[in-house]
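Per-entry structural report
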Amino acid sequence: MIFLTLTYESIDKLESLMEELRQGDMQAIADIYEITHGAVYALALSMLKNAHDAQDVLHDTYVNLHCAAASYKAQKRPMAYIMAIARNLCLMKLRERKKTAEPFEDWLDYIESNNSVTPQDEAIIRLCMEKLTDQEREIVILHASAGFKHREIASMLDLPLPTVLSKYHRALKKLRDMLERG
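As a starting point, this report considers the structure included with it. (Residues numbered from 1 in each chain as written. Predicted model: local features only at pLDDT ≥ 70, side-chain atom pairs only at ≥ 80, totals over all residues. Heavy atoms only, no water.)

1. Side note on the overall build of the protein chain
Along its length, the protein chain carries 9 helices and 0 strands. Put simply, the protein chain runs from its N terminus to its C terminus through helices and strands in the order α-α-α-α-α-α-α-α-α. Here the protein chain holds 182 residues, and the buried ones make up 44% of them. Long-range contacts, defined here as pairs at least 24 residues apart, represent 67% of the contacts in the protein chain between residues at least 6 apart. Roughly 10100 Å² of accessible area belongs to the protein chain as shown, and the carbon and sulfur atoms make up 54% of that amount. (Helix = DSSP H or I, 4+ residues; strand = E, 2+ residues; numbered from the N terminus. Buried < 20%, exposed > 50% of the residue type's maximum accessible area, 1.4 Å probe, protein only. Contact = heavy atoms within 4.5 Å. Areas by Shrake-Rupley, 256 points an atom, 1.4 Å probe, with all protein chains shown as cover.)

2. What to know about the packing of helix α6 (residues 119–131) against helix α9 (residues 161–181)
Where α6 meets α9, the closest approach of the two axes is 10 Å, and the angle between their N-to-C directions is 135 degrees. Here α6 is positioned oblique relative to α9, judged by the angle of their axes. For the pair α6 and α9, the sense of crossing is right-handed. Residues Ile124, Leu127, Cys128 and Lys131 of α6 form the contact with α9, whose participating residues are Lys174, Leu175, Met178 and Leu179. Of the residues that constitute the contact of α6 with α9, the class distribution is 6 nonpolar, no polar and 2 charged. (Axes fitted to C-alpha atoms, helices over the stretch in contact; angles between N-to-C directions. Parallel < 35°, antiparallel > 145°, perpendicular 65-115°, else oblique. Left-handed = near helix turned anticlockwise from the far one by under 90°. Nonpolar A, V, L, I, M, F, W, Y, C, P; charged D, E, K, R; others polar.)

3. As for the nonpolar core
By size, the foremost hydrophobic cluster in this structure holds 49 residues, and its most contacted members are Ile32, Leu65, Met83, Phe148 and Ile153. For this core, the secondary-structure elements that each account for two or more residues are α1 (8–22), α2 (26–48), α3 (51–68), α4 (78–97), α6, α7 (134–145), α8 (150–157) and α9. Considering every element that reaches this core, the biggest residue donor is α2, with 12 residues. (Core = buried A, V, L, I, M, F, W, Y, C linked by side-chain atoms within 4.5 Å.)

4. Considerations on unusual backbone geometry
Positive phi values are uncommon outside glycine, yet Lys49 reaches one of about 55 degrees. Structurally, the position occupied by Lys49 is in the loop between α2 and α3. Judged by its relative accessible area of 6%, Lys49 is buried.

5. Details of the pattern of salt bridges
Tallied over the entire structure, the rule returns 6 salt bridges. For Glu19, the salt bridge is made with Arg22, and the minimal N-O distance between the two is 3.1 Å. Here Arg22 and Glu19 lie together in helix α1, a separation of 3 residues that amounts to about one turn. Take Arg22: its relative accessible area is 37%, and that puts it in the partly exposed class. A salt bridge links Asp134 to Arg137; the nearest nitrogen and oxygen atoms lie 2.8 Å apart. One end of the pair, Asp134, and the other, Arg137, are both in helix α7, 3 residues apart, so they sit about a helical turn from each other. (Salt bridge = Lys/Arg side-chain N within 4 Å of Asp/Glu carboxyl O.)

6. Some thoughts on the side chain of Arg137
A residue is classified by how much of its surface remains accessible, and Arg137, at 7% relative accessible area, is buried. Here the side chain of Arg137 touches Asp134 through a polar contact of 2.8 Å, side chain to side chain. (Polar contact = N/O pair within 3.5 Å; in protein donor to acceptor, adjacent residues only side chain to side chain.)

7. Structural notes on α3
In a regular helix each residue adds 1.5 Å, so 18 residues correspond to 26 Å; α3 covers 25 Å between its end C-alpha atoms and thus fits that length. Buried within α3 we find Asp53, Ala54, Val57, Leu58, Thr61, Tyr62 and Leu65. The N-terminus of α3 is capped by Asn50, whose side-chain oxygen sits 3.0 Å from the backbone nitrogen of His52. (Expected span 1.5 Å × (residues − 1).)

Purely geometric stuff here, so don't read any function into it on its own.
Here you go:
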């Protein structure tokens, strides 16, 4: 799974890379990608539920980031800025489709690429994720897999923090109840 913990040091690093990108340093976009691509992909996959579309959004996020670098204003929120670009691209992709996303199987394909996930774990993950609503699934993935704090998730999804917390805890309760029942 993808884990991303943003410390003050990594936020400062991203902030300085964004400034370097604004000044035209092409290496900065590669460095930003290395730090953030896991979280961007997790967000795109959780919203689109399709690995191919998520990869397209991942690519387009960094193209758009490069193009919009000149308009970025340092606010100590570079990750929120990047995730907002990715989220907007996902919403545009969903509008293009004008239908519900594919089943959650693409997320499981992504998990299969992780050598530490056993076939039994994969089956449990499949059952668990199918029991969650789309929004609950997205919040759980962003928190548990991508490592975002609830406050960051609330900002990314344009939801009040109490709503994110309640949906997260409701999803965990569903998962716990399901696992206890076997």
